[in-house]
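For reference, the chains in residue letters:
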Amino acid sequence: MAQVQVGIIMGSQSDWPTMREAAAILDELGVAYETRIVSAHRTPDRLWEYGRAAVSRGLQVIIAGAGGAAHLPGMMASKTRVPVIGVPVQTRALAGVDSLYSIVQMPRGYPVATMAIGGAANAGLMAAGILALQDAALADRLDAWRAALSESIPEVPTDD
Ligand code: RP5
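Residues numbered from 1 in each chain as written. Predicted model: local features only at pLDDT ≥ 70, side-chain atom pairs only at ≥ 80, totals over all residues.

An unreviewed UniProt entry lists the protein under the name N5-carboxyaminoimidazole ribonucleotide mutase, with Roseibaca calidilacus as the source organism. If you open the UniProt record of the protein and go to Catalytic activity (unreviewed entry), you find "5-carboxyamino-1-(5-phospho-D-ribosyl)imidazole + H(+) = 5-amino-1-(5-phospho-D-ribosyl)imidazole-4-carboxylate". (UniProt positions renumbered as here; feature names shortened; annotations may be inferred.)

Below you can see the structure in the form of structure tokens.
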């Protein structure tokens, strides 16, 4: 089994349909990851333990998604120096603006790299880009992925 490099954590099972997009990207790029439900409010001890052990377990990036009062990414960033990428999950009440504001305005010293609302795929790509700095084979796969996306964009618009 490959060493897990990325932790994909989320506040609730209900975040998985969003967060699975990060997992799908990492699958495509051959990056080893794990997925966990870790809630800042409902399982604070789990959050603390996950952050405490992140470095010693060899995690290199943590992707953290949460919605509403989305404290998970910021609290995780307070507990570990492993880079945290935050994904604001869309909410029904406030369309995810609440999630975005909860994640993006971190105080100096504890950054969270915040994606767009629902931006889990980009979180996966960001994590891959960070890992690719030290992994030439992954860098090649990421370059190929980006080239394929670029190739898929038509040059001329059509009616249908
Ligand atoms: C947050 O509350 C979770 O990240 C989720 O986005 C939101 C709603 O959670 P559930 O009530 O669906 O479990 O903690």
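Right, picking up where we left off after that structure.
A. Focus on the nonpolar core. Core analysis: the largest hydrophobic core is formed by 43 residues, its most contacted members being Ala22, Leu26, Ile62, Ile63, Ala64, Leu72 and Ala127. Looking at this core, the elements with two or more residues in it are strand 1 (6-10), helix 1 (16-29), helix 2 (44-53), strand 3 (61-67), helix 3 (72-79), strand 4 (84-89), helix 4 (97-104) and helix 5 (120-132). Examining the composition of this core, we find that 6 residues originate from one element, helix 5, more than from any other. Not counting residues up to four positions away in its chain, the partners in contact with Ala127 are Val6, Leu26, Val61, Ile63 and Ile85. (Core = buried A, V, L, I, M, F, W, Y, C linked by C-beta atoms within 7 Å. Buried ≥ 20, exposed ≤ 12 C-beta atoms within 10 Å, placed from the backbone. Helix = DSSP H or I, 4+ residues; strand = E, 2+ residues; numbered from the N terminus. Contact = placed C-beta atoms within 7 Å.)

B. Fine view of the sheet that holds strand 4. The strand order across the open sheet built from 5 strands is 2-1-3-4-5, with neighbouring strands paired in parallel fashion. Only two strands of the sheet have a single partner each, and these edge strands are strand 2 (33-37) and strand 5 (113-114). Pairing geometry for strand 4 and strand 5, over 2 bridges, is parallel. Its bridge partner being in strand 5, Gly86 is matched across the sheet by Thr114. Along the sheet, helix 4 makes contact with strand 3, strand 4 and strand 5, crossing strand 4 at roughly 160°. (Pairing = 2+ DSSP bridges. Axes fitted to C-alpha atoms, helices over the stretch in contact; angles between N-to-C directions.)

C. Spotlight on the pairing of strand 4. For strand 4, the tally of buried residues reaches 6 of 6 residues, placing the bulk of the element in the interior. Residues Val84, Gly86 and Pro88 line one face of strand 4 and the alternating positions Ile85, Val87 and Val89 line the opposite face, and both faces are buried. Taken together, the 6 bridges between strand 3 and strand 4 define a ladder with parallel strand orientation. Within strand 4, the residue paired with Gly65 across the bridge is Val87.

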